[in-house]
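Fold and contact review
Here is how the chains run, residue by residue.
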Amino acid sequence: MKVGTDGVLLGAWAEAREGHLLDVGTGTGLIAIMLAQRTQTSQICGVEIDAEAASQAQQNVSASPWSERVEVVHDDVFKMETTAMYDEIVSNPPFYTSSPSSSSAARDVARRALPQFFPRLAAFVSRHLKDDGVFEVVLPADVADDFVYMCWEQDLHLKRQTKIYTRQGKPCKRILLAFSRQQRPPLKDALAISDASGAYTGEYTALTRDFYLNV
């Protein structure tokens, strides 16, 4: 699982607070490193269940300028024995709850979620998010409403929502969601990655220019 647009979007869109941050399912460490780049003092923990991905994440973190502030943990986040509380939790989770197997078992683990994954994620965040913390996630548009309800059941309320369009005029494929414990009307907006000609839009460039070499 290499660098993908979903991860770049979430890493650039998240609030990136100062404090203790957690990246659930860090993969190659992309979002954790982006959060380190965007903060001054934050301590960031990236948890990854796949051993090979965790190893690659550690290599990427070690090669970055922010290695002293990013920790990679190879573990199942739902089985970790921790009482840690976080100022911000982010996740680019596995999202195909039913799909054919690929030729890679590791890819299947990363991309296919068991039906109970999403409620377990919402419950985990509810236990480990500070009272004034924020939780951000990127999801396919067709599962976002269900996940918002799961979070509401855990006293996590929608704070912000951005619909992502890969190209202007095309259907929404991804949604960025932010949750907090405070219940108030959420901010809602939209962002197109490219225009009708396929060129990056100004809004996407403005959001992500600090993370690409040629945008």
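Structure's up top.
A brief report on the enclosed structure follows. (Residues numbered from 1 in each chain as written. Predicted model: local features only at pLDDT ≥ 70, side-chain atom pairs only at ≥ 80, totals over all residues. Heavy atoms only, no water.)

**So, the environment of Ala54**
Tracing the backbone through its elements, the reader meets Ala54 in helix α3 (residues 51-62). Along the backbone, Ala54 and Asp75 are 21 residues apart, and their C-alpha atoms lie at a distance of 8.9 Å. Residues in contact with Ala54, not counting those within four places in the same chain, are Gly27, Glu48, Val72 and His74. (Helix = DSSP H or I, 4+ residues; strand = E, 2+ residues; numbered from the N terminus. Contact = heavy atoms within 4.5 Å.)

**Here's the deal with helix α1 (residues 5-13)**
Here α1 lies mainly inside the structure; eight of its nine residues are buried. Inspection of α1 places Asp6, Gly7, Val8, Leu9, Leu10, Gly11, Ala12 and Trp13 among the buried residues, and these make up the whole buried set. (Buried < 20%, exposed > 50% of the residue type's maximum accessible area, 1.4 Å probe, protein only.)

**Focus on the nonpolar core**
Nonpolar side chains in soluble globular proteins generally cluster together in the buried interior. The biggest cluster of nonpolar side chains holds 30 residues, and the ones touching the most others in it are Leu9, Leu10, Leu35, Ile44 and Leu176. For this core, the elements supplying multiple residues, two or more each, are α1, α2 (30-38), α3, β3 (70-74), β5 (129-140), β7 (174-180) and β8 (187-194). Broken down by element, this core gets its largest block of residues, seven residues, from α2. Residue contacts for Leu9: discarding those within four places in its chain leaves Ile164, Leu176, Leu191, Ile193, Tyr204 and Leu207. The next biggest cluster of nonpolar side chains, apart from the first, holds 28 residues, and it includes Leu22, Val24, Tyr86 and Phe118. (Core = buried A, V, L, I, M, F, W, Y, C linked by side-chain atoms within 4.5 Å.)

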